[in-house]
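An overview of the molecular structure
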Amino acid sequence: MIHPSGTSELEMSIVVKEVVKYVSEHDFHLKFLSSGSLVTSLGMHGISISVLRLDKDDRYLKFLQAPTDAVGWQGGRNVTMDIRVPAIPNPPKNYPRSATKSDLLVEMLRAVCNDLEAASNELDELDRLVGDGDCGTTFRNTVMRLSPLIPTLNYDSVRNVMEQLADFVEEIMGGSSGALYTIGLTAAANNLSDDCLPVTIATITKSLSEALQAISRYGKAKEGDCTMLDALYPVLRVLQLNQEADMKTLIGLIDVAVNAGVRKTGNLKPRAGRASYIGGDKGHLDPGAVAVEVWVRAISRVLYSKHL
């Protein structure tokens, strides 16, 4: 099923052709195809592609073919393809249990999950002013799924943890936040080695820099556009300018910097994300930036408690 939003029929025909071509080249048997506008959203340009695995007796296929007066349903058509090869199985990801586990990383992840869940209502309220009102709900649903998995992650290296978190976020977290956090975590992980803990401040600085560059490149946003980047770039500058600072001093500077970045979004006009095209104006904090402050402060609190 291919669903466009603000996309022309000509563009949709191109997409349909490419989808059919991709399916035929990747060992799937296509039986039914539907394309058209189902539920559009604020004229946002883009497409959504849904795939349904049919059961052996084609019960779901019969449902799709059945007559209905459902509003917006475009119907579809049966498809006959010459290629029929068994589909490649896609087993669920299993997160390996490590014999050695970093108590520090476990504590950080638990703090992040707890604080984001506690802040979810505030984030939703902020998002209702500038977006679709589900920022907090998205984070809450994600961390509630992540929390039970924290003891099962492989903690042999920070890179291992980052890669597992990227896989998890990509699979579970919806919306643009899920995509951007996946990009950032993956870019950060790619800068780390497979060596065991610990990592240095210089390595963390480089990893954060790579993550922000990747988010900016693929998210088409930059500092000053009233996004999560406005909370993260001040943290990066603190790290860059204070490589020799003791940990307690560095943590204090980071907390001040991330808060200042968040407050700054209240004076910025949104130029990226949903707020930029629904008429968002100055005067409201960006919920994505506030979420960053929540998890940065959670990590800072754990680190500070270890350096008292």
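Cut-offs used in this document
- Residues numbered from 1 in each chain as written.
- Predicted model: local features only at pLDDT ≥ 70, side-chain atom pairs only at ≥ 80, totals over all residues.
- Heavy atoms only, no water.
- Helix = DSSP H or I, 4+ residues; strand = E, 2+ residues; numbered from the N terminus.
- Buried < 20%, exposed > 50% of the residue type's maximum accessible area, 1.4 Å probe, protein only.
- Areas by Shrake-Rupley, 256 points an atom, 1.4 Å probe, with all protein chains shown as cover.
- Core = buried A, V, L, I, M, F, W, Y, C linked by side-chain atoms within 4.5 Å.
- Contact = heavy atoms within 4.5 Å.
- 1 Å grid on protein atoms, 1.4 Å probe; cavity = no way out; pocket = protein on both sides within 12 Å on 5 of 7 lines; lining within 4 Å.
- Points joined across faces, edges and corners; volume = space filled by probe spheres on them.
- Nonpolar A, V, L, I, M, F, W, Y, C, P; charged D, E, K, R; others polar.
- Arc of directions from axis to C-beta.
- Axes fitted to C-alpha atoms, helices over the stretch in contact; angles between N-to-C directions.
- Parallel < 35°, antiparallel > 145°, perpendicular 65-115°, else oblique.
- Left-handed = near helix turned anticlockwise from the far one by under 90°.
- pLDDT = per-residue confidence, 0-100.
- Phe/Tyr/Trp six-rings, centres within 6.5 Å; stacked < 30°, edge-to-face > 60°.

1. A look at the overall build of the protein
What the protein contains, in helices and strands, is 12 helices and 4 strands. Burial statistics for the protein: of 308 residues in total, 41% are counted as buried. Surface summary for the protein: the accessible area is close to 17600 Å², and the carbon and sulfur share equals 55%.

2. Overview of the nonpolar core
By size, the foremost hydrophobic cluster in this structure holds 58 residues, and its most contacted members are Phe 139, Tyr 155 and Val 292. It is helix α12 (residues 287-306) that provides the largest number of residues to this core, a total of 9 residues. Apart from the residues within four sequence positions on either side, Phe 139 is in contact with Leu 116, Leu 123, Met 173, Tyr 181 and Ala 291.

3. Section: the layout of surface pockets
Looking at the largest pocket, its volume works out to about 1400 Å³. Surrounding the largest pocket, 50 residues form its lining, Met 108, Met 162, Ile 204, Trp 295 and Ile 299 being those nearest its centre. At the level of elements, α3 (103-118), α5 (135-146), α6 (158-172), α7 (175-190), α8 (201-219), α9 (229-241), α10 (247-265) and α12 are the ones that each hand at least two residues to the lining of the largest pocket. Residue composition of the lining of the largest pocket, grouped by class: 42 nonpolar, 7 polar and 1 charged.

4. A closer look at the side chain of Ser 207
With respect to the helices, strands and loops of the structure, Ser 207 is situated in helix α8. Assessed through its relative accessible area of 5%, Ser 207 is described here as buried. Here Ser 207 is in contact with Ala 188, Asn 191 and Leu 192, once residues within four sequence places are set aside.

5. Describing helix α4 (residues 120-130)
Taken residue by residue, α4 has Ser 120, Leu 123, Asp 124, Leu 126, Asp 127 and Val 130 as its buried positions. The arc that holds the buried residues of α4, viewed along the axis, is 165 degrees, so those residues lie on one side.

6. Quick look at the packing of α5 against α6
It is at 11 Å that the axes of α5 and α6 come closest, and there the two elements cross at 130 degrees. In this view, α5 runs oblique relative to α6, as classed from their interaxial angle. The element α5 and its partner α6 pack so that their crossing is right-handed. Judged by residue contacts, Thr 142, Arg 145 and Leu 146 of α5 engage Leu 165, Phe 168 and Ile 172 from α6. Here the contact of α5 with α6 is built from residues that sort into 4 nonpolar, 1 polar and 1 charged.

7. Here's the deal with the confidence of the model for the protein
Overall, the prediction assigns the protein a mean pLDDT of 81, with 79% of residues at 70 or greater. Taken element by element, the protein is modelled with least confidence in helix α11 (residues 274-277), mean pLDDT 52, and with most confidence in α9, mean pLDDT 95. Long-range and interchain partners of residues 82-101, a stretch whose pLDDT sits below 50, account for 34 contacts in this model, where long-range means more than four residues apart.

8. Side note on the packing of aromatic side chains
How two aromatic rings sit relative to each other is set out by the distance from centre to centre and by the angle between their planes. A full pass over the atoms with the stated rule returns 3 aromatic pairs. Ring plane angle 65 degrees and centroid distance 6.4 Å describe the contact between Tyr 60 and Phe 63, whose orientation is recorded as edge-to-face. Of this pair, Tyr 60 and Phe 63 both sit in helix α2 (residues 59-65), 3 residues apart, which is roughly one turn of that helix.

9. Notes on the packing of α6 against α7
With their axes 8 Å apart at the nearest point, α6 and α7 run at an angle of 160 degrees to one another. Relative to α7, the element α6 lies roughly antiparallel. Remark: the crossing between α6 and α7 carries left-handed chirality. Judged by residue contacts, Arg 159, Met 162, Glu 163, Leu 165, Ala 166, Val 169 and Glu 170 of α6 engage Gly 178, Tyr 181, Thr 182, Leu 185, Thr 186, Ala 188, Ala 189 and Asn 190 from α7. Each residue belonging to the contact of α6 with α7 can be placed in one class, and the counts come to 8 nonpolar, 4 polar and 3 charged.

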